[in-house]
Amino acid sequence: MDVQSTCRLLCLLVIIFSYIESVAQAYDYFDLGPYNLHSTECPKECVCPPSFPRALYCDNKGLKEVPLIPSRIWYLYLHNNQIEKLNEESFVNATELRWINLSKNKITDKKITKNLIKNFKSLLYLFLEDNELEEVPAPLPESIEQIRLARNKISKIPEGVFSNLGNLTLLDLHHNKLTDSSIQAKTFSGLKSLMQLNMAKNSLKKMPVGLPSNTVQLYLDNNNIEEIPKNYFAEIPRVNFIRLNYNKLSNTGIPANVFNVSSILDLQLSHNKLTFMPHVNGHLERLHLDHNEIKNINGTVSCPEAVKEEFDPHFPVGPRLRYLRLDGNEIQPPIPLDLMICFRLLQTVVI
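Fair warning: this is a prediction, and the values are worked out from it, not measured in the lab.

Draft legend 1. The arrangement of the overall build of the protein chain in detail. Of the regular secondary structure elements, the protein chain holds four helices and 13 strands. Counting all 351 residues of the protein chain, 44% fall into the buried class. Accessible surface, the protein chain as shown: approximately 18,700 Å² in total, 51% of it carbon and sulfur.

Here it is in C-alpha cells:
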C-alpha cells in the first residue's frame, strides 16, 4: 500500500471513530435509555423539546393542576402557575424525577398528598419558592441535594424532617416566618453534607443552634440577632462565608475572639450597631463593616496575628485582608496609616 492510500485509510478511520464518539456522546447527553426518540407523549398544556427529551416545560401556562407527567421525564418545570395541590395521580408514572420546579404557585401544606415527595426516590433538586407553605414539607426523599423554600410562610420545621437527608448540600429558608422556637438543638441533625444554609429575612433573635459541622456558607441577614454565643463558630469549623448584615449586633454582643477563626474568609456585618472593629483572624480576606456606628479604626489594636503557611514559604507574611468596607460610619478620611501598615495586602478600602 502506497503512502497516499495509507493516508486516505487513516483519514477514513478518524472520521469513523469521530462519528461513533459523537453518536455515543449524543446518546449520553439525551440518556434516552429504553425510550423512543420519536415519542410524541406530551401533555397538551406543556412543551416537550425534541432536543431535550427528558425535560417537560409547563411553566407560565396558568395551570391550576399538575398534568399527567410522562414516565421518561427527569426535569419538570411547573413554576409560575396557579397550582394549589400536589396529588399522586399526576405523578403516578413519573418515578425517575430528578428536578422539580414548583416555585411561584399557591401550594399549601394540607394539599400535598402524604409521602408524595418522599416517593421520588431519585429526586435531587426541589424548588418550592414563593408558595403558601407554613412548614417544611415532610417527609422528603433521602436522595435530595438541594431544597429551596424561600418566600413562603414557614414558621415550623417538623421534628426529624432532615434526619435522613445525608446528601443535602443546600437548604434555603430565607424570607419566611422562622423564630427561635422554630429551631431546636436537633433540628439540623443528619445533615452531614450541608454546605449552604440560608435563614436570612426571618424573625430570629438568637443565632440558630445545632448547625451542621460541615456548614461553609451561613446567611442570617435581616433578622433581629443581638448577640453571638462564645465559641459559636468553633462548632462549625469549615465556615468561610458569613452574612450577618441588617441585625442588631453591638460590640457588647460579640465575644472578643468569636470571629478569630482561621476558616472565615468573608465576613459581612453591615448595618448593625458596632462602634469599633471586631477582632478577626489573619486569614480573613473580605470584611464588610459599612453602616455601623464606628468613629475610628485603630490598626494597631485591630491587627490580627501574622499568617505564614509552612507549605508556601514565598507567600507574603501578614494578615490576608484584601477588601475592607467602612462607608456609612463616622470615620473621616484619610485612612489611618497603622491600618495600612497592618493590612499590607489591602487592595480596596471603601470609606
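Draft legend 2. Quick look at a nonpolar patch on the surface. Taken together, the side chains of Ile335, Leu337, Met340, Ile341 and Ile351 present a nonpolar region at the surface, about 420 Å² in accessible area. In this structure, Leu337 sits in helix 4 (residues 337-342).

Draft legend 3. Geometry of empty space enclosed by the protein. Evaluated as defined, the whole model comprises two cavities of 30 Å³ or more. By volume, the largest cavity amounts to about 50 Å³. Lining the largest cavity are Leu86, Phe91, Ile100, Leu102, Leu116, Ile117, Phe120 and Leu126. Here the lining of the largest cavity is built from residues that sort into eight nonpolar, no polar and no charged. Here the second largest cavity is characterised by a volume of approximately 30 Å³. What lines the second largest cavity is simply Glu65, Val66, Lys85, Asn87 and Ser90. By residue class, the composition of the lining of the second largest cavity is one nonpolar, two polar and two charged.

Draft legend 4. The side chain of Asn223, seen in detail. Within the secondary structure, Asn223 is located in the loop between strand 8 (217-219) and strand 9 (241-243). Of the residues examined, Asn223 reaches a relative accessible area of 5% and is grouped as buried. One polar contact links the side chain of Asn223 to the main-chain amide nitrogen of Leu204, over a distance of 3.0 Å.

Draft legend 5. Region of the structure containing the UniProt feature "domain: LRRNT" (unreviewed entry) in the protein chain. Taken from the UniProt record, the annotation "domain: LRRNT" (unreviewed entry) applies to residues 41-75. Between the end C-alpha atoms of residues 41-75 there is a gap of 15 Å, over a span that is 0% helix and 11% strand.

Draft legend 6. Summary view of the state of the cysteines. One pass over the full model with this rule turns up three disulfides. Paired through a disulfide, Cys42 and Cys48 show a sulfur-sulfur distance of 2.1 Å. In this structure the cystine formed by Cys42 and Cys48 twists about its S-S bond by roughly 90 degrees; its chirality is therefore right-handed. Using a relative accessible area of 30% as the deciding quantity, one classes Cys42 as partly exposed. Note on cysteine connectivity: Cys46 is disulfide-linked to Cys58, with sulfurs 2.1 Å apart. On the sign convention where negative means left-handed, the S-S torsion of about 105 degrees between Cys46 and Cys58 marks this disulfide as right-handed.

Draft legend 7. The packing of aromatic side chains, seen in detail. Here the structure, examined in full by the defined rule, presents 11 aromatic pairs. Plain terms: the ring middles of Phe52 and Tyr75 are 5.4 Å apart, the flat faces sit at 40 degrees to each other, and that makes the pair tilted. Placement of Phe52 in the loop between helix 1 (3-30) and strand 1 (55-57) and of Tyr75 in strand 2 (residues 75-77) is noted, with a sequence separation of 23 residues between them. Geometrically, the ring pair formed by Tyr77 and Trp99 is tilted, given 6.4 Å between the ring centres and 40 degrees between the ring planes. Separated by 22 residues along the polypeptide, Tyr77 in strand 2 and Trp99 in strand 3 (residues 99-101) bring together distant segments of the chain.

Draft legend 8. Expanded view of the nonpolar core. Judged by nonpolar contacts, the single largest core of 82 residues is most densely connected at Leu171 and Phe233. Residues within four places of Phe233 in sequence aside, it is in contact with Met207, Leu218, Ile228, Val239, Ile242, Val258, Phe259 and Val261.

Draft legend 9. Structural view of the pattern of salt bridges. For the structure shown, the criterion picks out eight salt bridges. Ionic pairing is found between Asp130 and Arg151, a salt bridge with its closest N-O pair at 2.9 Å. Pair noted here: Asp130 is in the loop between strand 4 (125-127) and strand 5 (146-148) and Arg151 is in the loop between strand 5 and strand 6 (170-172), with a separation of 21 residues, a long-range link. Asp327 is the salt-bridge partner of Arg325, the closest N and O atoms lying 2.7 Å from each other. Overall, Arg325 belongs to the partly exposed group, its relative accessible area being 26%. Owing to a relative accessible area of 17%, Asp327 belongs among the buried residues under this scheme.

Draft legend 10. How the structure looks around the side chain of Ser302. On the secondary structure map, Ser302 appears in helix 3 (residues 299-302). Taking relative accessible area as the criterion, Ser302 reaches 8% and is therefore assigned buried.

Draft legend 11. Layout of unusual backbone geometry. Put simply, Ala138 and Pro139 share a cis peptide bond, and its omega is -5 degrees. Among the structural elements, Pro139 can be located in the loop between strand 4 and strand 5. Look at the link from Pro333 to Pro334: it is a cis peptide, with omega at 10 degrees. Mapped onto the secondary structure, Pro334 falls in the loop between strand 12 (323-325) and helix 4. Positive phi, normally seen in glycine, also occurs at Lys104, with a value near 55 degrees.

Parameters and conventions
- Residues numbered from 1 in each chain as written.
- Predicted model: local features only at pLDDT ≥ 70, side-chain atom pairs only at ≥ 80, totals over all residues.
- Heavy atoms only, no water.
- Helix = DSSP H or I, 4+ residues; strand = E, 2+ residues; numbered from the N terminus.
- Buried < 20%, exposed > 50% of the residue type's maximum accessible area, 1.4 Å probe, protein only.
- Areas by Shrake-Rupley, 256 points an atom, 1.4 Å probe, with all protein chains shown as cover.
- Patch = residues over 30% accessible without salt bridge, like charges linked within 9 Å, V, L, I, M, F, W, Y side chains within 5 Å.
- Salt bridge = Lys/Arg side-chain N within 4 Å of Asp/Glu carboxyl O.
- 1 Å grid on protein atoms, 1.4 Å probe; cavity = no way out; pocket = protein on both sides within 12 Å on 5 of 7 lines; lining within 4 Å.
- Points joined across faces, edges and corners; volume = space filled by probe spheres on them.
- Nonpolar A, V, L, I, M, F, W, Y, C, P; charged D, E, K, R; others polar.
- Polar contact = N/O pair within 3.5 Å; in protein donor to acceptor, adjacent residues only side chain to side chain.
- UniProt positions renumbered as here; feature names shortened; annotations may be inferred.
- Disulfide = S-S within 2.5 Å.
- Phe/Tyr/Trp six-rings, centres within 6.5 Å; stacked < 30°, edge-to-face > 60°.
- Core = buried A, V, L, I, M, F, W, Y, C linked by side-chain atoms within 4.5 Å.
- Contact = heavy atoms within 4.5 Å.

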